[in-house]
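# Descriptive analysis of the structure
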Amino acid sequence: MSKIINKIRNLELFRFKRSRFIKNASVLISGSFISQAIAIITAPIVTRLYSPGDYGLLGIYMMVSTIIGVMSTLQYHTAIVVEKDNLIADNLVWLCFKICFIVSCVFVIPVTFLNAQICSLLGDNDLSVWLYLMPVTILFTGFNNTLLCWANRQAMFKAMAFNRILAAIVTPILSISIGYFIAGPLGLFIGLII
């Protein structure tokens, strides 16, 4: 009889865990859906304000900054989620922040002294001015990745969904506001960084 009761308890625990998983997954999915819907709704306005050249410049910039930004924590941010000890996980967060800050500071050197060579390598000399924003973008990308992993560990799924929705709202608002008054890709870059 006790074996049957234990099986029922285990089954109830499984259902509870499964329903909690479905709830958390639905929160993240709804956040992604809303952010994508906002991007689709605002895209016609943003694309009228910026030229294809502006988007090409942003695309090159994002390609480089995303790759370096993801590597800026040396992938230690992925260990935050799986670490069993909370103290070690908290220390990993601070380690990621420190490494990311150092990588961003080090990246100032090639951006400053090898700017023309980097632009030539990437095939677009118009990128020269925007490369100076690269260390800031790398820093924010590393911090964001670290904080998202920490939020995932803390089961802060509503905060993660809110982060996506807020970014989806703020980015086009800034891009549209700046693009309306100032020609060029400034609004796209400011929207990306903010």
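Below: a short report on this structure. (Residues numbered from 1 in each chain as written. Predicted model: local features only at pLDDT ≥ 70, side-chain atom pairs only at ≥ 80, totals over all residues. Heavy atoms only, no water.)

### Thoughts on the side chain of Asn115
- With respect to the secondary-structure elements, Asn115 resides in helix α5 (residues 115-122).
- Of the residues examined, Asn115 reaches a relative accessible area of 5% and is grouped as buried.
- Only 2.9 Å separates the side chain of Asn115 from the side chain of Ser128, close enough to count as a polar contact.
- When sequence neighbours within four positions are dropped, the list of residues in contact with Asn115 reads Pro110, Ser128, Leu131 and Tyr132. (Helix = DSSP H or I, 4+ residues; strand = E, 2+ residues; numbered from the N terminus. Buried < 20%, exposed > 50% of the residue type's maximum accessible area, 1.4 Å probe, protein only. Polar contact = N/O pair within 3.5 Å; in protein donor to acceptor, adjacent residues only side chain to side chain. Contact = heavy atoms within 4.5 Å.)

### A short note on a nonpolar patch on the surface
- Taken together, the side chains of Met63, Ile67 and Met71 define a hydrophobic patch exposed on the protein surface, amounting to about 310 Å² of accessible area.
- Relative to the helices and strands, Ile67 is located in helix α2 (residues 52-71). (Patch = residues over 30% accessible without salt bridge, like charges linked within 9 Å, V, L, I, M, F, W, Y side chains within 5 Å. Areas by Shrake-Rupley, 256 points an atom, 1.4 Å probe, with all protein chains shown as cover. Salt bridge = Lys/Arg side-chain N within 4 Å of Asp/Glu carboxyl O.)

### Observations regarding unusual backbone geometry
- Non-glycine residue Leu74 carries a positive phi angle of around 55 degrees.
- Within the secondary structure layout, Leu74 lies in the loop between α2 and α3 (77-82).
- A residue is classified by how much of its surface remains accessible, and Leu74, at 54% relative accessible area, is exposed.

### Section: the packing of aromatic side chains
- Scanning the model with the defined rule gives six aromatic pairs in all.
- Residues Phe97 and Phe143 carry aromatic rings whose centres are separated by 4.6 Å and whose planes lie at 55 degrees to one another, so their mutual orientation is tilted. Of the two residues, Phe97 sits in helix α4 (residues 86-113) while Phe143 sits in helix α6 (residues 134-153), which places them 46 residues apart along the sequence.
- Of the aromatic side chains, those joined through ring pairs into one cluster are Tyr61, Trp130 and Phe189. (Phe/Tyr/Trp six-rings, centres within 6.5 Å; stacked < 30°, edge-to-face > 60°.)

### Section: the packing of α2 against α6
- The geometry of α2 relative to α6 is characterised by a closest axis approach of 8 Å and an angle of 50 degrees between their N-to-C directions. As judged from the angle between their axes, α2 and α6 are oblique. Between α2 and α6 lies a crossing of right-handed hand. Along its contact with α2, which presents Tyr61, Val64, Ser65, Ile68, Gly69 and Val70, the element α6 presents Met134, Thr137, Ile138, Thr141, Gly142 and Asn145. (Axes fitted to C-alpha atoms, helices over the stretch in contact; angles between N-to-C directions. Parallel < 35°, antiparallel > 145°, perpendicular 65-115°, else oblique. Left-handed = near helix turned anticlockwise from the far one by under 90°.)

### What to know about the environment of Thr171
- Structurally, Thr171 can be placed in helix α7 (residues 157-181).
- Judged by relative accessible area, Thr171 falls into the partly exposed class, the value being 28%.
- For the pair Thr171 and Gly191, spaced 20 residues apart in sequence, the C-alpha separation works out to 4.4 Å.
- Look past the residues within four positions of Thr171 in its chain and what remains in contact with it is Gly191 and Leu192.
- Engagement of the side chain of Thr171 in a polar contact is seen with the backbone oxygen of Ala167, the distance being 2.8 Å.
- In terms of polar contacts, Thr171 uses its side chain to reach the backbone carbonyl oxygen of Gly191, at 3.4 Å.

### What about the environment of Leu92?
- In this structure, Leu92 sits in helix α4.
- Looking at Leu92, the relative accessible area reads 12%, which means it is buried.
- Separated by 58 residues in sequence, Leu92 and Trp150 place their C-alpha atoms 9.5 Å apart.
- Contacts of Leu92, omitting those with residues within four sequence positions, involve Tyr76, Ala79, Ile80 and Glu83.

### Quick notes on the nonpolar core
- If you look at the biggest cluster of nonpolar residues, it comprises 19 residues, and the most contacted ones within it are Tyr61, Phe107, Leu127, Trp130, Leu131, Met134 and Phe189.
- Mapped by element, the contributors of at least two residues to this core are α2, α4, α6 and α8 (186-193).
- With six residues, the top contributor of residues to this core is α2.
- Residues contacting Leu131, with those up to four places away along its chain left out, are Val111, Asn115, Ile118 and Cys119. (Core = buried A, V, L, I, M, F, W, Y, C linked by side-chain atoms within 4.5 Å.)

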